[in-house]
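Summary of the model geometry
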There are 2 protein chains.
Amino acid sequence: MKYKHLIISFATVLMGSVCFAQTAVVEDFKPSSVNQPDKQYPQVNSEGRVRVSVLAPHSGRVQLDIGGKKYDLKKDTAGVWTGESAPQDEGFHYYQLNMDGASVPDPGSLYFYGASRWGSGIEIPSKDQDFFALKNVPHGQLRENQYYSNTTKSVRRVYIYTPPDYDKDTKKRFPVLYLQHGMGENETGWGSQGHANLIMDNLIADGKAVPFIIVMENSSVNFPRGARPGMRPPGAPAPGQPDAAPGAPQAAPGQGPGNGPRGPMGGFNFSAQFERILIDDLIPYIESNYRVLADQQHRAMAGLSMGGMQTKSIVIANPTKFSYVGMFSSGTFTPTEITNIEAFKKNGKLVFMSFGGREGGAGRIPAAAEEWNKISIKGVSYVSPETAHEWHSWRRSLYQFAPLLFKK
Amino acid sequence: MKYKHLIISFATVLMGSVCFAQTAVVEDFKPSSVNQPDKQYPQVNSEGRVRVSVLAPHSGRVQLDIGGKKYDLKKDTAGVWTGESAPQDEGFHYYQLNMDGASVPDPGSLYFYGASRWGSGIEIPSKDQDFFALKNVPHGQLRENQYYSNTTKSVRRVYIYTPPDYDKDTKKRFPVLYLQHGMGENETGWGSQGHANLIMDNLIADGKAVPFIIVMENSSVNFPRGARPGMRPPGAPAPGQPDAAPGAPQAAPGQGPGNGPRGPMGGFNFSAQFERILIDDLIPYIESNYRVLADQQHRAMAGLSMGGMQTKSIVIANPTKFSYVGMFSSGTFTPTEITNIEAFKKNGKLVFMSFGGREGGAGRIPAAAEEWNKISIKGVSYVSPETAHEWHSWRRSLYQFAPLLFKK
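My aim in this report is to walk through the structure given alongside it, one point at a time.

**Section: the overall build of chain A**
- When helices and strands are counted, chain A shows 7 helices and 21 strands.
- Intrachain contacts of chain A at a sequence separation of at least 6 include 69% that bridge at least 24 residues.
- As displayed, chain A offers around 16800 Å² of accessible surface, 55% of which is attributable to carbon and sulfur atoms.

See the structure below:
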């Protein structure tokens, strides 16, 4: 009897732990805002947990793979696997399902290009999500364009945001921001999970930003070997390395940090590749097909992660091309890194650096911004609260950056 | 010994059959043109077979689900499942993988909206694929717009194709085609798997079509119960039924054939719902935000499958709104089906009906077209060779239809 009691007591303690673990999940899950039409899963609760549910009657093991962790799901008698993650940060996250070792998209979510594949995404509601909400305000357009690139000898796709009044007054000309995605992403990112168009529509409706055009191209360019213009030989020592952000994605083979052909501060090989498309093909295309103000003072460049590093090296190599520079989760940039700083100083207006608060680089940007203020170019740093190397940091960065552009 | 020989002979015959079955697959597979970047699978061979390959080391059964059939894949020692389908028709097909009973997208393909979900698609190269190929010709734009619909009390998304010279001559006004998708599809279909933009760019470059604007909205509309304008009560008998296409998708619950509120020929409930958005909100939005010729003679409506049936019932209910009518795989349409045929006759210019050659309806459209010619409205029928109720029939239909529009 004694033993039996002991066992029961022990079982009670165990069950208590289990019950505690279960009640810790708040049961207020709602379908994610980026689900496919009429799909009930995935869901998100007020803690930021992601719950997925998928019919897989004959699978032996199904997992939710999000935020670098895999969570085991449980199967019910109908063969439906369900389970949830630990709480996630506010904002957008890529994720996938793992079914008996196969990584597949969740059939319930919309799909987004990231991590070098089209895959599932989820939106954890954020306290500040109003700034990119779809509202009944005047809306700009997101235009898919094809143009011929002489550099790549191919027709390329580019997305262009035009502000709400672009088609109203056909005499007016607009400034332009060239805005880049991160590694493993493409030209669709800013107009989809980035909500650049809605951020701008809302800023313009609130009178907080000057209307401007945004150009979004794919800067993950691998030229055929013979076609790479001015590339350093592979393996050649780099005289300088860009200030890589902690937590930045690892370089893929053939895309790693190297040294650009221009200027001692180097850059990335992939910057040199995209630089030719941007400078020789894309900017001329935009300036002859859109009503833009085609001078340095009305041209900005920005990007996230790899896109910000590309921005930096392209600005270094072309100090008279852009007046406004934005680097989101892309390290630091200081005046001493531009050889021809005098050229940039003539029309340089702004260097903006941001990081998610959970990224290691966040602490280093205020001092770097101060270096710009010392030479009378506006330096601004911004830290996105409680976010990591993710899209919510970059949406907020654009929201902070855009109002600083093209103001007299 | 005798038995042993017999067994060996029998085994040889069996193995012969197996070898024969294997050699019947032509080994000239190439990655599909609609794969994700750098993905080697799915592949297609010269017979039109689809080969998929997916890592799923612990799965018990993986199948390729295409064209209404499931094909078992085979696992190699590395845990990669590979296999192929029977030959498929030329053109685009939706498909999916089935892993231990779970239906999931193939991680290698791009994703398309059809069958009421975002899922995999494959392109079987076609002899005539040049007509929708991406070429170095002047390109129009595919514009994502948001507009407010008073009917649904919400901001809705619409895609708009503008021809290459739309932004060149800002004095010129253009005719407009309202172009609808099929059941289980949405406003992305024509600009993605339909290649409406590339079809038009190529036709215009060849001087075969007058430049016009195409408006692509989502006509799969379910109003909230209280908000449905002029709906017949559920279950009320329908005095007439549209001429449904054999092979047309089954109606989903709540979307089945009913009867429109206008005219004795009826229509679909979902036509009545979309009709209000189109007539009351979308056409006025287009006509006040784009440089269009805003009269019946410069307005066309067309659609595929359900979209063609909606076109028919909307034209019947609004005989002075559109001069050109296109129904792709949507049954037949004859003058006796319009109550107010005199109103339509004043400006009616064209009724175009098409089917895939493998669809049952193909034989019925020439006679229906002849009925229109008898009353001096051009009637045209077109049958797409060797295709079924699929996008290649509809791409070809648009290619045949577009040159007939808006010519003096």
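Text resumes after the structure shown.
**Structural notes on the sheet that holds strand β7 (residues 80-84) of chain A**
All names here are of chain A.
- If you trace the 5 strands from one edge of the open sheet to the other, you get β1-β2-β3-β7-β6, paired in antiparallel fashion. Bordering the open sheet on either side are β1 (30-31) and β6 (74-75), each of which pairs with just one other strand.
- By the bridge criterion, 2 bridges tie strand β2 (residues 43-44) to strand β3 (residues 50-55) in an arrangement that is antiparallel. What sits directly across from Val44, in β3, is Val50.

**Topic: the relation of the copies chain B and chain A**
- Rotating chain B by 180° and moving it 0.0 Å along the rotation axis overlays it on chain A with an RMSD of 0.0 Å. Read as a symmetry element, the transformation amounts to a two-fold axis. Within chain B, the C-alpha atom positioned nearest to the axis of rotation is that of Arg143 of chain B, 2.1 Å from it.
- Of the interface residues in chain B, 100% have counterparts in chain A that sit at the interface too, so the contact is made through matching surfaces.

**Looking at the interface of chain B and chain A**
- Counting residues at the interface gives 40 residues for chain B and 40 residues for chain A.
- Surface buried jointly by chain B and chain A totals about 3300 Å² across both partners, of which 53% is contributed by carbon and sulfur atoms.
- Counting the surface chain B buries against chain A, the share from its top three residues, Asp100, Trp118 and Gln146 of chain B, is 15%.
- The partner of Asp167 of chain B in a salt bridge is Arg143 of chain A, and the shortest N-O contact between them spans 3.1 Å.
- Among the elements of the structure, β9 (102-104), β10 (111-114), β11 (117-124) and β12 (141-149) of chain B are those that each provide at least two residues to the side of chain B that touches chain A.

**A closer look at the sheet that holds strand β6 (residues 74-75) of chain B**
Residues and elements named next belong to chain B.
- As summarised here, the arrangement of the 5 strands in space is β1-β2-β3-β7-β6, forming an open sheet in which the pairing is antiparallel. Each having just a single partner strand, β1 (30-31) and β6 make up the two edges of the open sheet.
- By the bridge criterion, 5 bridges tie strand β3 (residues 50-55) to strand β7 (residues 80-84) in an arrangement that is antiparallel. Of the residues in β7, the one forming a bridge with Val52 is Gly83.

**A closer look at helix α4 (residues 306-317) of chain A**
Residues and elements named next belong to chain A.
- Over its 12 residues, α4 extends 16 Å from the first C-alpha to the last, a length consistent with the 16 Å expected when each residue adds 1.5 Å.
- Within α4, 12 of the 12 residues are buried, leaving the element largely enclosed by the surrounding structure.
- Looking only at α4, the buried set comprises Met306, Gly307, Gly308, Met309, Gln310, Thr311, Lys312, Ser313, Ile314, Val315, Ile316 and Ala317.

**Considerations on the packing of aromatic side chains**
- On inspection of all chains with the given rule, the structure shows 39 aromatic pairs over all chains.
- Centre to centre, the rings of Phe131 of chain A and Tyr399 of chain A are 4.7 Å apart; their planes meet at 40°, and the pair counts as tilted. Remark: Tyr399 of chain A occurs in helix α7 (residues 391-401) and Phe131 of chain A occurs in the loop between β11 (117-124) and β12 (141-149); sequence separation between them is 268 residues.
- By relative accessible area, Tyr399 of chain A is classed as partly exposed at 23%.
- Judged by centre distance (5.3 Å) and plane angle (70°), the ring pair of Phe212 of chain B and Phe406 of chain B falls under edge-to-face.

**Side note on the side chain of Asp281 of chain B**
All names here are of chain B.
- Here Asp281 is to be found in helix α3 (residues 269-289).
- Although Asp281 is buried, it forms no salt bridge, and the closest oppositely charged side chain is Arg156 at an N-O distance of 6.9 Å.
- Here the side chain of Asp281 touches Asn150 through a polar contact of 3.5 Å, landing on its backbone nitrogen.
- Side-chain polar atoms of Asp281 contact the side chain of Thr151, separated by 2.6 Å.

**Re the pattern of salt bridges**
All names here are of chain A.
- Summed over all chains, the structure comprises 40 salt bridges over all chains.
- Ionic pairing is found between Glu287 and Arg299, a salt bridge with its closest N-O pair at 2.9 Å. Remark: Arg299 occurs in strand β18 (residues 299-304) and Glu287 occurs in helix α3 (residues 269-289); sequence separation between them is 12 residues.
- For Glu287, a relative accessible area of 24% gives the class partly exposed.
- Among the ionic contacts, a cluster of salt bridges with common partners joins Glu90, Lys127, Asp128 and Arg396.

Conventions we followed
- Residues numbered from 1 in each chain as written.
- Chains lettered and ligands numbered in written order.
- Predicted model: local features only at pLDDT ≥ 70, side-chain atom pairs only at ≥ 80, totals over all residues.
- Heavy atoms only, no water.
- Helix = DSSP H or I, 4+ residues; strand = E, 2+ residues; numbered from the N terminus.
- Contact = heavy atoms within 4.5 Å.
- Areas by Shrake-Rupley, 256 points an atom, 1.4 Å probe, with all protein chains shown as cover.
- Pairing = 2+ DSSP bridges.
- Least-squares fit on C-alpha atoms with pLDDT ≥ 70 in both.
- Buried area = accessible area lost by both parts, 1.4 Å probe.
- Salt bridge = Lys/Arg side-chain N within 4 Å of Asp/Glu carboxyl O.
- Expected span 1.5 Å × (residues − 1).
- Buried < 20%, exposed > 50% of the residue type's maximum accessible area, 1.4 Å probe, protein only.
- Phe/Tyr/Trp six-rings, centres within 6.5 Å; stacked < 30°, edge-to-face > 60°.
- Lys, Arg positive; Asp, Glu negative; His and termini not counted.
- Polar contact = N/O pair within 3.5 Å; in protein donor to acceptor, adjacent residues only side chain to side chain.

Remember that the coordinates give geometry; whether it matters functionally is a separate question.
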